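# Observations on the three-dimensional arrangement
One-letter residues, chain by chain:
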Amino acid sequence: MAVQAVTEHVDLARKFLRRSREYLAESDLHQASEKGWGAASHIIKAVAAREVWQYEIHDDFGVVVRNARQRYRQPGLSAMSYAAQELHRNYYKRGLLLDGTEIAEQLEEVERMVNILQPFVQRK
């Protein structure tokens with residue numbers, strides 16, 4: 001396990017989560033969505049670094065989530081990861097199709113994911 005990589009990914013997850021809230025408050029829904037996805041992606045990268053699992057391409061996100069759900073006995077990770085991927089899909093939508101309330105709810109799920117996984121990846 002690369003402790004520095006884990007720490008950097010956790011720090012980035014927290015940073016992106018904060019920024020997603022700022023963008024949401026500014027009604028910049030595309031950026032709020034992308035920063036939310038970034039937070040989810042980095043906490044999952046922290047898991048992968050901690051467990052020495054592969055995460056090099058987008059498809060690895062789902063594999064690491066599935067493995068983490070089983071390893072850490074956290075069945076709710078599936079729904080949280082679905083919310084994160086919905087945030088990522090917003091990149092491809094026109095602004096009029098974005099819903100701030102829905103994005104806020106998805107960001108809550110990503111925050112739950114970060115809060116649940118951080119103790120697992122930072123344990124000794």
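Anyway, here's the lowdown on the structure attached to this text.

Rules of the game
Residues numbered from 1 in each chain as written. Predicted model: local features only at pLDDT ≥ 70, side-chain atom pairs only at ≥ 80, totals over all residues. Heavy atoms only, no water. Helix = DSSP H or I, 4+ residues; strand = E, 2+ residues; numbered from the N terminus. Expected span 1.5 Å × (residues − 1). Buried < 20%, exposed > 50% of the residue type's maximum accessible area, 1.4 Å probe, protein only. Arc of directions from axis to C-beta. Contact = heavy atoms within 4.5 Å. Polar contact = N/O pair within 3.5 Å; in protein donor to acceptor, adjacent residues only side chain to side chain. Salt bridge = Lys/Arg side-chain N within 4 Å of Asp/Glu carboxyl O. Axes fitted to C-alpha atoms, helices over the stretch in contact; angles between N-to-C directions. Parallel < 35°, antiparallel > 145°, perpendicular 65-115°, else oblique. Left-handed = near helix turned anticlockwise from the far one by under 90°. Nonpolar A, V, L, I, M, F, W, Y, C, P; charged D, E, K, R; others polar.

### Here we look at helix α5 (residues 100-121)
An α-helix turns once per 3.6 residues; consequently, residues spaced three or four apart project the same way. Spanning 22 residues, α5 covers 31 Å between terminal C-alpha atoms, matching the ideal 32 Å at 1.5 Å per step. Among all positions of α5, only Ile103, Gln106, Leu107, Val110, Met113, Val114, Leu117, Gln118 and Val121 are buried. Looking straight down α5, one finds its buried side chains confined to an arc of 125 degrees; they lie on one side. In α5, the exposed positions angled more than 90 degrees off the buried face are occupied by Thr101, Glu105 and Pro119. Considering only its buried residues, α5 is in contact with α1 (3-25), α2 (29-51) and α4 (77-89). If you check the start of α5, you find a side-chain oxygen 2.9 Å away from the backbone N of threonine 101, and it comes from aspartate 99.

### Looking at the pattern of salt bridges
Here the structure, examined in full by the defined rule, presents seven salt bridges. The partner of arginine 19 in a salt bridge is glutamate 22, with the nearest N and O atoms 2.3 Å apart. A residue pair is termed a helical-turn pair when its members lie 3 or 4 positions apart in one helix, as arginine 19 and glutamate 22 do in helix α1 at three residues. With relative accessibility at 35%, the residue glutamate 22 sits in the partly exposed group. The residue arginine 112 makes a salt bridge to glutamate 109 at a minimum N-O spacing of 3.1 Å. Here the residue arginine 112 and the residue glutamate 109 both occupy positions in helix α5, the gap between them amounting to three residues, near one helical turn. According to the relative accessible area criterion, glutamate 109 is partly exposed, its value standing at 21%. Ionic contacts of the salt-bridge type, sharing partners, join the residues Arg21, Glu108 and Glu111 into one network.

### Looking at unusual backbone geometry
When glycine is set aside, most residues are seen to have a negative phi, and most peptide bonds are trans. For serine 27, which is not glycine, the phi dihedral falls at a positive 65 degrees. Summarising the element assignment, serine 27 is placed in the loop between α1 and α2. You can call serine 27 exposed: its relative accessible area is 59%. Of note in this structure, valine 52 is not a glycine but carries a positive phi near 60 degrees. Within the fold, valine 52 resides in the loop between α2 and α3 (59-71).

### Comments concerning the packing of α1 against α5
Where α1 meets α5, the axes come as close as 11 Å, and the angle between the chain directions of the two elements is 160 degrees. Here α1 lies roughly antiparallel to α5, going by the angle between them. When the axes of α1 and α5 are compared, the crossing they make is left-handed. Where α1 approaches α5, its residues Val6, Val10, Ala13, Arg14, Leu17, Ser20, Arg21 and Leu24 are matched on the opposing element by Gly100, Ile103, Ala104, Leu107, Glu108, Val110, Glu111, Val114, Asn115, Gln118 and Val121. Split into classes, the residues belonging to the contact of α1 with α5 amount to 11 nonpolar, four polar and four charged.

Just geometry here; none of it tells us what the structure is for.
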